[in-house]
Amino acid sequence: MQIQATHGRIEEAADSAIVVNLFQGVNAPGGATGAVDRALEGMIAELIQGGDLKGKFKEVVLFRTGGRIPAERVLVVGLGDQLEFGLDRIRETSARAATFLRESGVSSYTTIMHGTGIGGVDLREATEALVEGALLGSYRFNRYRTERDEDEVELTSMTVAVKDAENLETVQEAIQWARTVSEATNFVRDLVASPARDKTPRELARVAQEVAEGASIQCTVLDEKQAEELNMGGFLGVARGSSEPPRFIILEYHGGPKGESPIALVGKGITFDSGGLSLKPAKSMETMKEDMAGAAAVIGVLRAAAELKLPVNLVGIAPCTENLPGGRATKPGDVLTTHLGTTIEVLNTDAEGRLVLSDGLGYATTFNPQAIFDMATLTGACMVALGRMTTGMMGTSEELMDRLRRAGAKTGDYVWPLPLYEEYEEQIKSDIADVKNTGGKYAGAITAALLLKRFVKDVPWVHLDIAGTRKTTGEADSLQKEYLPKGPTGVGVRLLIQVLRDWNQAT
Ligand code: BES
Ligand code: MN
Ligand code: ZN
């Protein structure tokens, strides 16, 4: 979809549809909606008086203009209660408008900004939310469909009408920013939605190379042999069961001062998690192509950061492999030696995420990073604790976790902390090795994170368990947002870009 800003009055826009809005309880529309109403000789006011338009949140009323103004149709979207208004409502309203117009067969529209009038929202932030809503909300994964509805249309153009010329530049900048972040998010969604056979570790490495080539990113891919030379026993221990070779992806972006230590991002890249010899039941395996959502998010964040020219240095690390049973597979009881030398007793081969991350994190420390963030679909236990609505957050730095929580509140990519009290360490003590990879029935998200903590040395670190938030079901158990269509969410991209954007701000 093309997105552009033009200087002009919305009531003068010649497009298939124009979008205006209404807060709940407003009887005489003002601002841009009021101007359109006057041009339409009171058609909107009449809808309100007749009880056909109330301004309820996500309400949509579409009607034809009959030639009274250049636009063919007007869509009024409800903004809801003014007291409950905020950025997330702009995203949702914009997503609702986009999908509703598409369903109505309209592919091109011009919209006003929502919430910068009596809503009081900052222009740049409102524009970003508007664009995010439209691009994230209209996302569909159609790569594997051959049959389409005949009357189905694609959105081709959204124009933002800017009344005051002095605002045009800000709006244009905000459009570019939000487009970059949203497209990176949708790129991650595509990867997560793809079948495992079409996103093998080798294929993911190819995609990472491709992303790097189109940007100022350096990409290094380690194969099995190179990983062996680096003693990545955790990573290779998982890869052993599959005949599909693993790949350890490293992306580097230098946007900050030369010599400034990087921020490391590490993502779990299990392109299919069968559980290994500790095989999962069939039902639990159905969505395990999504077990690389962390790796995909890392690639997505690097892609967006480079495109936005964020003034930071980044290193993105994605250990990618399948977790399958096989004649050479790691067996329960085996002991693996990691890159940093720590030994792990594998009691359950289905607790493989922490094994690949032990080397992902350990290798990240060799870059001397100022901070490490990891993202991983790590535990079912985290979903039990926080559901599908909120990402579990554990780490060694209160300051970093604070930054994430604020970024989460702003972007809607919610995170919430779980404790890493050292007493839990008892649960992962091994009888024969330094640590074991299972911690028993309780506090599974925490004991998994405590294993990871052993591999970050003293680098300030935060782990994000995205098992629950990697996708929405479209049902009551996950976030019901107009900009989160059923399927992969692309969790982590908007969140981390927000953190990195604010990186040099005091906390
Ligand atoms: N990839 C799974 C975690 C997961 C479960 C993600 C459900 C998304 C949805 C992970 O590798 C796993 O299998 N974890 C086990 C750990 C256990 C064996 C200690 C789990 O959570 O059951
Ligand atoms: Mn597993
Ligand atoms: Zn897994």
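Predicted model, so just to flag it, every value in this text is computed and none were measured.

Peer 1: Please provide a residue-by-residue account of the packing of aromatic side chains, values included.
Peer 2: Evaluation of the coordinates by the stated rule reveals 6 aromatic pairs. Centre to centre, the rings of Phe141 and Tyr144 are 5.9 Å apart; their planes meet at 45°, and the pair counts as tilted. By relative accessible area, Tyr144 is classed as partly exposed at 43%. Taking the centre distance of 5.4 Å and the plane angle of 85° together, the rings of Phe248 and Tyr363 count as edge-to-face.

Peer 1: Outline the coordination of the manganese ion (ligand 2), supporting the account with residue identities and numerical values.
Peer 2: Taken together, the protein ligands of the manganese ion (ligand 2) are Asp273 (OD), Asp350 (O), Asp350 (OD) and Glu352 (OE), with distances of 2.0 to 2.2 Å. Around the manganese ion (ligand 2), the 6 donor atoms are arranged such that angles at the metal cover 71 to 167°; this shape is classified as irregular. Donor residues binding the manganese ion (ligand 2) come from one chain and are separated in sequence as D-x76-D-x1-E. The metal-metal distance between the manganese ion (ligand 2) and the zinc ion (ligand 3) is 3.2 Å, with Asp273 coordinating both. With a gap of 77 residues between them, Asp273 in strand S10 (residues 269-273) and Asp350 in the loop between strand S13 (343-345) and helix H11 (353-365) connect regions that are remote in the sequence. Its relative accessible area of 23% is what places Asp350 among the partly exposed residues.

Peer 1: Any chance you could break down the state of the cysteines for me, citing the residues and the numbers?
Peer 2: One covalent bond between the sulfur atoms of two cysteine residues makes up a disulfide. Taken as a whole and judged by the stated rule, the model has 0 disulfides. Here Cys219 stays free of any disulfide, with the sulfur of Cys320 as its closest cysteine sulfur at 10 Å.

Peer 1: Describe the site of ligand 1, naming the residues involved and giving the relevant values.
Peer 2: Of all residues adjacent to ligand 1, which total 17 residues, the nearest are Lys280, Asp291, Asp350, Glu352 and Gly380. One nitrogen or oxygen atom from the side chain of Asp291 is found 2.9 Å from a nitrogen atom belonging to ligand 1. Between Thr377 and ligand 1, the recorded distance is 3.3 Å, taken from a backbone N or O atom to a nitrogen atom. For ligand 1, the accessible surface in isolation is 510 Å², of which the surrounding protein chains cover 79%. Here the residues of the shell around ligand 1 sort into 5 nonpolar, 4 polar and 8 charged.

Peer 1: Quick rundown of the packing of H11 against helix H14 (residues 444-453)? Include the residues and the values.
Peer 2: Contact pair H11 / H14: the axes reach a minimum separation of 9 Å and the direction vectors enclose 30°. On the basis of their axis angle, the class for H11 and H14 is roughly parallel. Judged by the twist between their axes, the crossing of H11 over H14 is right-handed. On H14, the residues touching Arg354, Leu357 and Leu361 of H11 are Ala448, Leu451 and Leu452. Taken together, the residues of the contact of H11 with H14 break down into 5 nonpolar, no polar and 1 charged.

Peer 1: Pulling in residues and values, what's your account of the coordination of the zinc ion (ligand 3)?
Peer 2: Think of it this way: four donors in a tetrahedron around the metal ideally sit 109.5 degrees apart, and six in an octahedron ideally sit 90 or 180 degrees apart. Protein coordination of the zinc ion (ligand 3) is provided by Lys268 (NZ), Asp273 (OD), Asp291 (OD) and Glu352 (OE), with donor distances spanning 2.0 to 2.4 Å. Bound by 6 donor atoms, the zinc ion (ligand 3) shows angles of 78 to 172° at the metal and therefore octahedral coordination geometry. Coordination of the zinc ion (ligand 3) draws on donor residues from a single chain, spaced K-x4-D-x17-D-x60-E in sequence. With relative accessibility at 2%, the residue Lys268 sits in the buried group. According to the relative accessible area criterion, Glu352 is buried, its value standing at 1%.

Peer 1: Give me the lowdown on the domain arrangement of the chain, citing residues and values where you can.
Peer 2: The domain boundaries assigned to the chain delineate domain 1 (2-163) and domain 2 (182-501). Between domain 1 and domain 2 the total buried area reaches about 1,800 Å² when both faces are included, carbon and sulfur atoms providing 51% of it. When residues of domain 1 are sorted by the area they lose upon contact with domain 2, Leu136, Tyr139 and Tyr144 head the list and together hold 35% of the total. Connecting domain 1 to domain 2 are 6 salt bridges. Put simply, Lys58 and Glu482 hold a salt bridge, and the shortest N to O gap is 3.8 Å. For the interface between domain 1 and domain 2, the tally reads 13 residue pairs in polar contact (both at pLDDT 80 or more). Elements supplying a minimum of two residues to the side of domain 1 that touches domain 2: helix H3 (87-103) and helix H4 (123-137). Ranked by residues supplied to the side of domain 1 that touches domain 2, first place goes to H4 with 9 residues. Here the residues of the side of domain 1 that touches domain 2 are counted per class, giving 8 nonpolar, 3 polar and 10 charged.

Peer 1: Mind laying out the pairing of strand S8 (residues 247-254), listing which residues take part and the relevant values?
Peer 2: Taken across its 8 residues, S8 has 7 buried, putting it largely inside the fold. Here strand S7 (residues 217-222) runs beside S8; their pairing, made up of 6 bridges, is antiparallel. Bridge assignment links Ile217 to a residue of S8, and that residue is Tyr253. As paired strands, S8 and strand S11 (residues 313-323) are joined by 8 bridges and run antiparallel to one another. Across the sheet, the residue bridging to Ile250 is Ile317, located in S11.

Peer 1: Explain the environment of Glu213 to me, using residue names and the numbers behind them.
Peer 2: For Glu213, the position within the fold is in helix H6 (residues 201-213). A C-alpha to C-alpha distance of 37 Å links Glu213 and Ala165, two positions 48 residues apart in sequence.

Peer 1: Tell me what's going on with H4, and back it up with residues and numbers.
Peer 2: Taking 1.5 Å per residue, 15 residues should reach 21 Å; H4 reaches 21 Å between its end C-alpha atoms and fits that length. Summarising burial for H4: 13 of the 15 residues are buried, a large majority. Capping of H4 at its N-terminal end is provided by Asp122; its side-chain oxygen lies 3.2 Å from the backbone amide nitrogen of Arg124.

Peer 1: For the pattern of salt bridges, give the residues involved together with the corresponding values.
Peer 2: Applying the stated criterion across every chain, the model contains 33 salt bridges. Ionic pairing is found between Glu183 and Arg179, a salt bridge with its closest N-O pair at 2.5 Å. Of this pair, Glu183 and Arg179 both sit in helix H5 (residues 168-193), separated by 4 residues, roughly a single helical turn. The partly exposed category is assigned to Glu183, whose relative accessible area is 31%. Close ionic contact of Lys283 with Glu286 constitutes a salt bridge, the shortest N to O distance being 3.1 Å. Salt bridges linked by common partners bring Asp88, Arg91, Glu132, Lys481 and Arg494 together as one network.

The rules behind these values
- Residues numbered from 1 in each chain as written.
- Chains lettered and ligands numbered in written order.
- Predicted model: local features only at pLDDT ≥ 70, side-chain atom pairs only at ≥ 80, totals over all residues.
- Heavy atoms only, no water.
- Phe/Tyr/Trp six-rings, centres within 6.5 Å; stacked < 30°, edge-to-face > 60°.
- Buried < 20%, exposed > 50% of the residue type's maximum accessible area, 1.4 Å probe, protein only.
- Donors = N, O, S within 2.8 Å, 3.2 Å for Na, K, Ca; no water.
- Tetrahedral: all angles 85-135°; square planar, octahedral: opposite > 155°, others 65-115°.
- Helix = DSSP H or I, 4+ residues; strand = E, 2+ residues; numbered from the N terminus.
- Disulfide = S-S within 2.5 Å.
- Near = heavy atom within 4 Å.
- Polar contact = N/O pair within 3.5 Å; in protein donor to acceptor, adjacent residues only side chain to side chain.
- Areas by Shrake-Rupley, 256 points an atom, 1.4 Å probe, with all protein chains shown as cover.
- Nonpolar A, V, L, I, M, F, W, Y, C, P; charged D, E, K, R; others polar.
- Axes fitted to C-alpha atoms, helices over the stretch in contact; angles between N-to-C directions.
- Parallel < 35°, antiparallel > 145°, perpendicular 65-115°, else oblique.
- Left-handed = near helix turned anticlockwise from the far one by under 90°.
- Contact = heavy atoms within 4.5 Å.
- Domains from an automatic or database assignment.
- Buried area = accessible area lost by both parts, 1.4 Å probe.
- Salt bridge = Lys/Arg side-chain N within 4 Å of Asp/Glu carboxyl O.
- Pairing = 2+ DSSP bridges.
- Expected span 1.5 Å × (residues − 1).

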